[in-house]
Amino acid sequence: MSKGRLLYNYPLPVRVWHWINASGFVCLILTGFQIRYAEVLNFMPLTVAISIHNYVGFGVIANFFVWLSYYLGTGNVKIYIPDSRGWLALVWEQLKYYGYGVFVGKHNPHLMSPENKFNPLQQLVYLVVMFVFLPAQMMSGLFLWQIKKYEEYINLLGGIKLLDTIHVLLFFLFTSFLVIHCYFATLGHTPLARFKAMLTGFEEH
Amino acid sequence: MKKNYHFTVRYGLYIILTCSVLCPSPLAAVDNSECFECHSDEGLTTESTDNILQIEITESLYVDEDTFDKSIHNLIGITCVDCHADIEELDWNEEVPHARRLEKVHCVSCHEDAGEEFKNSVHMKMRTKGITMTCYACHGYHYVRQMEGASVAERTNSICLKCHNPNQFHEWLPSGDAHFAHVECVVCHAPEVPRHIDLRFYDLITMRFYKGDELIKIIGTNFDKIIQTIDKNHDQIIGMNEFDDLFFMLKQKNIRPILRAELVADINSIAHQISRESAQKTCEMCHASDSPYFNAVSIILIRDDDTVERYKIDRAILESYYVSHFYLLGGTRIKRLDKIGLLIIAGGACAALGHLIIRVLTIPLRRGKKENDD
């Protein structure tokens, strides 16, 4: 039985957003593979894959705005903004921990709290993911959904092949991110502790 | 095996023409100019019955001579009375110098193959509902154009869209308007018809297609020599490296075109074989990188007289950024991105797996440290 203290790190709206987003991502990735590799994958017809991809895509976009409204509304968006003072040194500390300290049983240099949930490395990654990659993916996905309707914007961006390149590269990055994210989630005090925390809201320290 | 439609029509007509020259008949006596004596009058009309709606209409008998002169039939030497074959001679003493009501023109007399293909089409079946679809309901009467170099918009606007609204019955089709803009209707609706991708040079700044003669002038060659200029290894197909060279040559002359692609049907009688059951609805037929729909890809240059010069090019061009405005999901995907994607995903997975393995291997180390700490 663990003797750590319990912290309420993940409020209900964050957990609901997270799991909707996670299932949306999985769905978009699977249908994305089917759409791109129709000659080798055949787990659903292409029209079905495209329809699901479109509907789920809109779900993820709506969910993003729920997330944005929540974090802007509560002011908690600051947890995504790295502290410029000594930030690089803190990132280096965190990298050293993941690259060495975690193997030899050192303590995580970052102490998690509801107000300071992300370590400097997470802050950097989530800042880019949530404020650059995801909006870029949503925008490129929206244009690809109705290519004639948004033709002028697509032409301004250099044509549909470039737009597709952005969407596809981000798709690969998100797929890779999902794998690494799930793996990092096993780095809690037990392998399943962080998964449980994201379900109950409470994390043991 | 079906006869080549183009071959049949062209050479069939040459034979007819040759025969008519060698064996003069009363028909030869009627010249087009005599017909235009009356039919160039825009006010010339007759009362008639609409073929489809079966209602009385006032039908214009005016023929625009300039447009007729550019029609494919005139260009290959077909005269008015070759089609209106019941006019043997003109009697200028009469108000109307020929029979007031002429017999229907039987296009299938020449276009035999097209007639055969049409027999089992959905348009023929309309007759059971009392609607007769004639050839000229789609193709028009006197202004049938040479369509080989026509764009999708020109092809569909002048034929299918006269009756059909593409937004009906296509609700299931994702990005319908993009399909309608780049794919000719019969490619899906007569799936047996041979088809090909036409690529044309397009200038994004002036937003217009380059004319064939214009490009030839820019490159500094002529139509007879252009293929030797581009196809350096003389294998009768423009390879990617050869196209790179051509593009570089254009760039040096301050020309930076893109290639606009369209999926169109060959001018082939099989295009008439349209049936409700056979319409292609399997998206994977096109949207897969091994699609048979892209086996024939050509750059086309259209001469000033509307004739088309076609140069085969490696289908890999569709998977390049040169064709930046034609996107068929997996069908024209850029393969280099797949390799980058594999690196990104495999990199992430390997990093996670490697970290996990080291974590497992170092369990004794952490256990020892914990025991020491306790």
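Residues numbered from 1 in each chain as written. Chains lettered and ligands numbered in written order. Predicted model: local features only at pLDDT ≥ 70, side-chain atom pairs only at ≥ 80, totals over all residues. Heavy atoms only, no water.

Draft legend 1. Seen up close, the packing of aromatic side chains. Taken as a whole, this structure holds 31 aromatic pairs over all chains when the rule is applied. On the numbers, 6.1 Å between centres and 80° between planes, the contact of Tyr80 of chain A with Phe131 of chain A is edge-to-face. Of this pair, Tyr80 of chain A sits in the loop between helix H2 (46-74) and helix H3 (87-104) while Phe131 of chain A sits in helix H4 (residues 120-145), placing them 51 residues apart in sequence. Of the residues examined, Phe131 of chain A reaches a relative accessible area of 33% and is grouped as partly exposed. One aromatic cluster in this structure is built from Trp17, Phe64, Phe65, Trp67, Tyr70, Tyr71, Tyr80, Phe118, Tyr126, Phe131 and Phe177 of chain A. The ring of Trp172 of chain B is capped by Lys281 of chain B, whose NZ or CZ atom sits 4.8 Å from the centre of that ring. Positioned above the aromatic ring of Phe223 of chain B is the side chain of Arg303 of chain B, whose terminal nitrogen or guanidinium carbon lies 4.1 Å from the ring centre. (Phe/Tyr/Trp six-rings, centres within 6.5 Å; stacked < 30°, edge-to-face > 60°. Helix = DSSP H or I, 4+ residues; strand = E, 2+ residues; numbered from the N terminus. Buried < 20%, exposed > 50% of the residue type's maximum accessible area, 1.4 Å probe, protein only. Lys NZ or Arg CZ within 6 Å of the ring centre and 35° of its normal.)

Draft legend 2. Representation of the pairing of strand S5 (residues 258-265) of chain B. All names here are of chain B. In terms of burial, S5 is a largely internal element, 8 of the 8 residues being buried. Residues Ile258, Arg260, Glu262 and Val264 of S5 are buried on one face, and the alternating residues Leu259, Ala261, Leu263 and Ala265, pointing to the opposite face, are buried as well. Across 8 bridges, the pairing between strand S3 (residues 195-203) and S5 is antiparallel. Bridging from a neighbouring strand, Phe201 pairs with Leu259 of S5. (Pairing = 2+ DSSP bridges.)

Draft legend 3. Expanded view of a negative patch on the surface. All names here are of chain B. On the surface, Glu88, Glu89, Asp91 and Glu94 cluster together to form a negatively charged patch. Within the secondary structure, Glu94 sits in the loop between helix H5 (80-83) and helix H6 (112-118). In this structure Glu94 comes out as partly exposed when scored by relative accessible area, which is 48%. (Patch = residues over 30% accessible without salt bridge, like charges linked within 9 Å, V, L, I, M, F, W, Y side chains within 5 Å. Areas by Shrake-Rupley, 256 points an atom, 1.4 Å probe, with all protein chains shown as cover. Salt bridge = Lys/Arg side-chain N within 4 Å of Asp/Glu carboxyl O. Lys, Arg positive; Asp, Glu negative; His and termini not counted. Charge placed at Lys NZ, Arg CZ, Asp CG, Glu CD.)

Draft legend 4. Structural detail: the domain arrangement of chain B. Residues and elements named next belong to chain B. When the domains of chain B are assigned, the result is domain 1 (5-145), domain 2 (189-333) and domain 3 (341-373). Each of domain 1 and domain 2 has a C-alpha centre, and these two points are 34 Å apart. Across the boundary between the two partners, domain 1 contributes 13 residues, which contact 11 residues of domain 2. Across the domain 1 to domain 2 interface the summed buried area is about 970 Å²; carbon plus sulfur atoms make up 56%. (Domains from an automatic or database assignment. Contact = heavy atoms within 4.5 Å. Buried area = accessible area lost by both parts, 1.4 Å probe.)

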